Amino acid sequence: FRMTSFSLLRLIREPIGQLLLVILPLVIISVLGLVIGPYQGMEGVPPLDLTAITTIMGVQFFGGTYLMSYLDSDLLKTRRWRIYSLPINVTVYSSSLILACTLFSTLQGLVMVLFTSLVFGVAWGSFGWVLMVFFIFSIFAQSVHLLLTLAVNNIKLAERFSEIIGLGFLILTGLMFPLPNHPFFHFMSSYGNPISLGKMAVMEILEEDGQGIAYLGITILLAFTLICMVISAWLGRRKLA
């Protein structure tokens, strides 16, 4: 936990990341809020609520780029032998980075949640539940980026894969444009897409008969996270040992 606190201080000193993953999404949502206004969408859900929740959940995925950058510089390239020469366990050190990046990404999400709730009245429901969903989704994002960092030797290529995966998840939510009327896209826009699962967990919990769907969504997201973590642990033992 002490190493985690140092990693959090290190993350706070990264203004570019905070600008891209907090300020820019809030600017986009603010512009959309002025354009869309309080209109009601399908099933009584305001379009701004749907857009804000999906956008913020999508941005959370890219919070894993912090971990990708630190793992590459500290344990794979620039500072590898300096870190390995220290009297610390590499597994403990990498775990502290994962925890710090997860907490930092979750807090960034909370800032965006509070902003959209106070300024535009986006209905998030229980902040405790939303915070838990964001924490689990952040762990998922870190595990995917950890997997990419360990599986791809070129960090620039791993970053491109991360961008393609993240944008692919967003596209499959149907936020950017309507998806084809096909069972595959129906599945990927709901249970096959981690961003949709996070959105489902946040939005369905607000419905009287939607708690079961919300719990199912968070359970599937946890399963995805566990699979990525198991594969990452196996790759980590081979590459970081």
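Scoring rules and cut-offs
- Residues numbered from 1 in each chain as written.
- Predicted model: local features only at pLDDT ≥ 70, side-chain atom pairs only at ≥ 80, totals over all residues.
- Heavy atoms only, no water.
- Helix = DSSP H or I, 4+ residues; strand = E, 2+ residues; numbered from the N terminus.
- Rg over C-alpha atoms; globule rule 2.2 N^0.38 Å.
- Buried < 20%, exposed > 50% of the residue type's maximum accessible area, 1.4 Å probe, protein only.
- Contact = heavy atoms within 4.5 Å.
- Lys, Arg positive; Asp, Glu negative; His and termini not counted.
- Charge placed at Lys NZ, Arg CZ, Asp CG, Glu CD.
- Core = buried A, V, L, I, M, F, W, Y, C linked by side-chain atoms within 4.5 Å.
- Salt bridge = Lys/Arg side-chain N within 4 Å of Asp/Glu carboxyl O.
- Phe/Tyr/Trp six-rings, centres within 6.5 Å; stacked < 30°, edge-to-face > 60°.
- pLDDT = per-residue confidence, 0-100.
- Axes fitted to C-alpha atoms, helices over the stretch in contact; angles between N-to-C directions.
- Parallel < 35°, antiparallel > 145°, perpendicular 65-115°, else oblique.
- Left-handed = near helix turned anticlockwise from the far one by under 90°.
- Nonpolar A, V, L, I, M, F, W, Y, C, P; charged D, E, K, R; others polar.

Undergrad: What am I meant to see in the overall build of the protein chain here?
TA: Tallying secondary structure elements over the protein chain gives 11 helices and 0 strands in all. Ordered by position from the N terminus, the helices and strands of the protein chain form the series α-α-α-α-α-α-α-α-α-α-α. Relative to a compact globule of 241 residues, whose C-alpha radius of gyration would be 18 Å, the protein chain shows 18 Å and is just as compact. C-alpha extents for the protein chain along the principal axes are approximately 60 × 35 × 30 Å. Going through the 241 residues of the protein chain one by one, you find that 46% of them count as buried. Pairs at least 24 apart in sequence give 73% of the contacts found in the protein chain among residues at least 6 apart. Computed over 13 positive and 11 negative side-chain charges, the separation of the two mean positions in the protein chain equals 23 Å.

Undergrad: Hey, could you run me through the nonpolar core in this one?
TA: Proteins that are soluble and globular tend to have nonpolar side chains buried together. Ranked by size, the top nonpolar core spans 60 residues in total, and within it Phe61, Trp124 and Phe140 carry the most contacts. When contributions to this core are tallied by element, the ones reaching two or more residues are α2 (15-36), α3 (47-61), α4 (64-76), α6 (90-120), α7 (127-151), α8 (155-172), α10 (194-204) and α11 (211-239). Element by element, the count of residues in this core is highest for α7, at 13 residues. If we skip the residues at most four places from it in the chain, Phe61 touches Phe137, Phe140, Ala141, Val144, His145, Ser162, Ile165, Gly166 and Phe169.

Undergrad: Is there a simple way to explain the pattern of salt bridges in this structure?
TA: Oppositely charged side chains can pair when the atoms bearing their charge come close. Under the counting rule described, the total for this entry stands at 2 salt bridges. A salt bridge links Arg160 to Glu159, with the nearest nitrogen and oxygen atoms 3.7 Å apart. Taking the relative accessible area as the measure of exposure, Arg160 reaches 37% and is therefore partly exposed. Close ionic contact of Arg160 with Glu163 constitutes a salt bridge, the shortest N to O distance being 2.8 Å. Separated by 3 residues within a single helix, Arg160 and Glu163 lie in helix α8, roughly one turn from each other. Each of Glu159, Arg160 and Glu163 takes part in a single network of salt bridges with overlapping partners.

Undergrad: Just to check I follow, could you spell out the side chain of Ser94 for this structure?
TA: Following the sequence through the fold, Ser94 ends up in helix α6. Using a relative accessible area of 11% as the deciding quantity, one classes Ser94 as buried. Ignoring sequence-local partners within four residues, the contact set of Ser94 consists of Leu71 and Leu75.

Undergrad: Can you walk me through the packing of aromatic side chains in this structure?
TA: Aromatic rings considered in pairs are described by the distance between their centres and by the relative angle of their planes. For the coordinates displayed, the defined rule picks out 9 aromatic pairs. Ring geometry for Tyr66 against Phe104: centres 5.5 Å apart, planes inclined by 75°, an arrangement best described as edge-to-face. With a gap of 38 residues between them, Tyr66 in helix α4 and Phe104 in helix α6 connect regions that are remote in the sequence. Its relative accessible area of 7% is what places Tyr66 among the buried residues.

Undergrad: How should I be thinking about the confidence of the model for the protein chain in this particular structure?
TA: As a general rule, the predicted coordinates of low-pLDDT regions are not to be interpreted in detail. The predicted model of the protein chain averages 84 in pLDDT, with 92% of residues at 70 or higher. Per-element mean pLDDT across the protein chain ranges from 73 in α2 up to 93 in α7.

Undergrad: Can you help me understand the packing of α6 against α7 in this one?
TA: The geometry of a pair of packed helices is captured by two quantities: the angle between their axes and the separation between those axes. One can describe the packing of α6 onto α7 by two numbers: an axis separation of 8 Å at closest approach and a directional angle of 135°. Taken together, α6 and α7 sit at an angle that is classed as oblique. Note that α6 runs across α7; the crossing there is right-handed. Across the interface between the two elements, Ile98, Cys101, Thr102, Leu103, Ser105, Thr106, Gly109, Leu110, Val113, Leu114 and Ser117 from α6 touch Phe127, Val130, Leu131, Phe134, Phe135, Ser138, Ile139, Gln142 and Leu146 from α7. Of the residues contributing to the contact of α6 with α7, the split by class is 13 nonpolar, 7 polar and no charged.

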